Amino acid sequence: MTAPTLLRGAVTVGDALPELAYPVTATTVVLGALAARDWRPMHHDKDFAVHRNGTRDIFLNTPNLASWFERYITDWTGPYGRLQRVTFRMLGSIFPGDTMVFRGTVTDTGVDDTGCGWVALDISVSVDGDTKTSCTARVALPETEHDNPWSRTGDRWTP
Amino acid sequence: MSAIGIDDVEGLLGVGQYEEVGEFPVEQGYIWTTCSSVENGNPLFWDPEVADEVTGGPIAPPTMVSVWFRPHHWAPDRSTPGLPLQIHFDLKEGLGLPEAVMSDNTIVFHEPVRPGDRLRTRQILRSVSDVKTTKLGTGRFWVIDVEYHNQRGDLVAVESYTGFGYRRAGSEEAS
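Notes on the structure follow.

Turning next to the overall build of chain B. In terms of helices and strands, chain B carries four helices and six strands. Counting from the amino terminus, chain B carries its helices and strands in the arrangement α-β-α-α-α-β-β-β-β-β. Taking the principal axes of its C-alpha atoms as reference, chain B extends roughly 60 × 35 × 30 Å. Within chain B, the fraction of its 175 residues that count as buried is 46%. Looking at chain B alone, contacts between residues at least 24 apart form 70% of all its contacts between residues at least 6 apart. When the accessible area of chain B is evaluated, it comes to approximately 8400 Å², of which 51% is carbon and sulfur surface.

Put into structure tokens, the structure is as follows:
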């Protein structure tokens, strides 16, 4: 049996999520664009990116960045963590050669009217200290070892 | 695809537009490719026993919801595909605002998306602001929702985009 690895009761406002640093390569960018079915040339054609977009290189696409944020959150929660909502604010691009660093903190926690426990997170991905995308997220976590947010449906799931 | 002028806005608020079904069913291969691209080792997506136990069978990463609607780069017998956020471009054209930025994007997740699902989407204009002036220029903010349902009619996700269409400072006043 797969037991929950993180219960809501173990989380406190102000807790920091483990930092994730990742060196971005051209392969990271192209693989991410194709995985997200984003065929636009600024995500795989450096000549186009530089001469048509005016950027210094190809850059990570937004849908793939969403996948990076999801991975960062569920690395922390384990499989019982169920995303309720995420909000992204794009501030700058991430290029091959950058080391992107994800950091997150817990900003709030509670139980909704249906009994579903949740935590709110502030997350950022930065390069050399400059935030490139900020994200707020709310994720449901089990209240007990026998609770499973994924079992909630209909009126019992109010994200 | 038709331009949305300011007189059209009130009649379009809350109205579903551009309904379409994804070109292909949600499929496991893309789930693995996406997880691989971000080194996501969540066992929900790699271990069928964990998926059976926790989510009642395989699911797709929730943040992939828009992936299932990006059209093939080429397909036979297809005219030019619609833009993913067509209402945004209709507003730009109809309001005479040549520049635009997306300031933020929220996704709310409902029922899980599962391999084999055929998702349906529609776009809904939620609001258009009065004329505002920002550092970028003068224009209007708007909010567009994109709803996603599965083949059983269950809501699986809603994306909300806040856009700002504008004219750069010094150019002709926004209409």
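Anyway, onward from the coordinates.
Turning our eyes to something else, we now look at the interface of chain B and chain A. Taken residue by residue, the interface counts 36 residues in chain B and 36 residues in chain A. At the boundary of chain B and chain A, one finds one salt bridge. A salt bridge links A:R89 to B:D104; its shortest N-O distance comes to 2.6 Å. Contributing elements (two or more residues each) for the side of chain B that touches chain A: α2 (28-37), α3 (48-55) and β2 (99-109) of chain B. Tallying contributions element by element places β2(B) first for the side of chain B that touches chain A, with seven residues. Within the side of chain B that touches chain A, the residues separate by chemical class into 17 nonpolar, 13 polar and six charged.

What follows deals with the nonpolar core. Note on soluble globular proteins: their nonpolar side chains tend to be buried together. Counting residues in each nonpolar core, the largest one holds 77 residues, and the members touching the most others are A:M100, A:L121, B:W68, B:L91 and B:L125. Looking at which element gives the most residues to this core, the answer is helix α3 (residues 62-77) of chain A, with seven residues. Once residues lying within four places of it in the same chain are set aside, the contact partners of B:W68 are B:G22, B:E23, B:F24, B:V26, B:E27, B:Y30, B:I31, B:A60, B:V113 and B:L119.

On to the packing of aromatic side chains. Here the structure, examined in full by the defined rule, presents twelve aromatic pairs over all chains. Their ring planes at 75° and their centres at 6.3 Å tell us that A:F59 and A:F95 sit as a pair that is edge-to-face. Separated by 36 residues along the polypeptide, A:F59 in the loop between α2 (46-53) and α3 and A:F95 in the loop between β2 (82-90) and β3 (99-111) bring together distant segments of the chain. A relative accessible area of 10% places A:F95 in the buried class. Summarising the aromatic geometry, the rings of B:F69 and B:Y148 are spaced 5.4 Å apart at their centres and angled 45° between planes, so their arrangement reads as tilted. A residue pair is termed long-range when its members are at least 10 positions apart, and B:F69 in the loop between α3 and α4 (86-95) and B:Y148 in strand β5 (residues 137-149) qualify at 79 residues. The burial state of B:F69 is the same as that of B:Y148; both residues are buried. Three or more aromatic residues joined by ring pairs make a cluster, and in this case those are A:Y22, A:W68, A:F69, A:Y72, A:F88 and A:F102. Over the ring of A:W157 we find A:R82; its NZ or CZ atom is 3.6 Å from the centre of that ring.

Let us look at unusual backbone geometry. For A:D128, which is not a glycine, the phi torsion comes out positive at approximately 50°. Residue position: A:D128 is located in the loop between β4 (117-127) and β5 (130-140). Phi at B:E39 takes a positive value of approximately 55°, unusual for a residue other than glycine. Residue placement: B:E39 occurs in the loop between α2 and α3.

Quick notes on the rules
- Residues numbered from 1 in each chain as written.
- Chains lettered and ligands numbered in written order.
- Predicted model: local features only at pLDDT ≥ 70, side-chain atom pairs only at ≥ 80, totals over all residues.
- Heavy atoms only, no water.
- Helix = DSSP H or I, 4+ residues; strand = E, 2+ residues; numbered from the N terminus.
- Buried < 20%, exposed > 50% of the residue type's maximum accessible area, 1.4 Å probe, protein only.
- Contact = heavy atoms within 4.5 Å.
- Areas by Shrake-Rupley, 256 points an atom, 1.4 Å probe, with all protein chains shown as cover.
- Salt bridge = Lys/Arg side-chain N within 4 Å of Asp/Glu carboxyl O.
- Nonpolar A, V, L, I, M, F, W, Y, C, P; charged D, E, K, R; others polar.
- Core = buried A, V, L, I, M, F, W, Y, C linked by side-chain atoms within 4.5 Å.
- Phe/Tyr/Trp six-rings, centres within 6.5 Å; stacked < 30°, edge-to-face > 60°.
- Lys NZ or Arg CZ within 6 Å of the ring centre and 35° of its normal.

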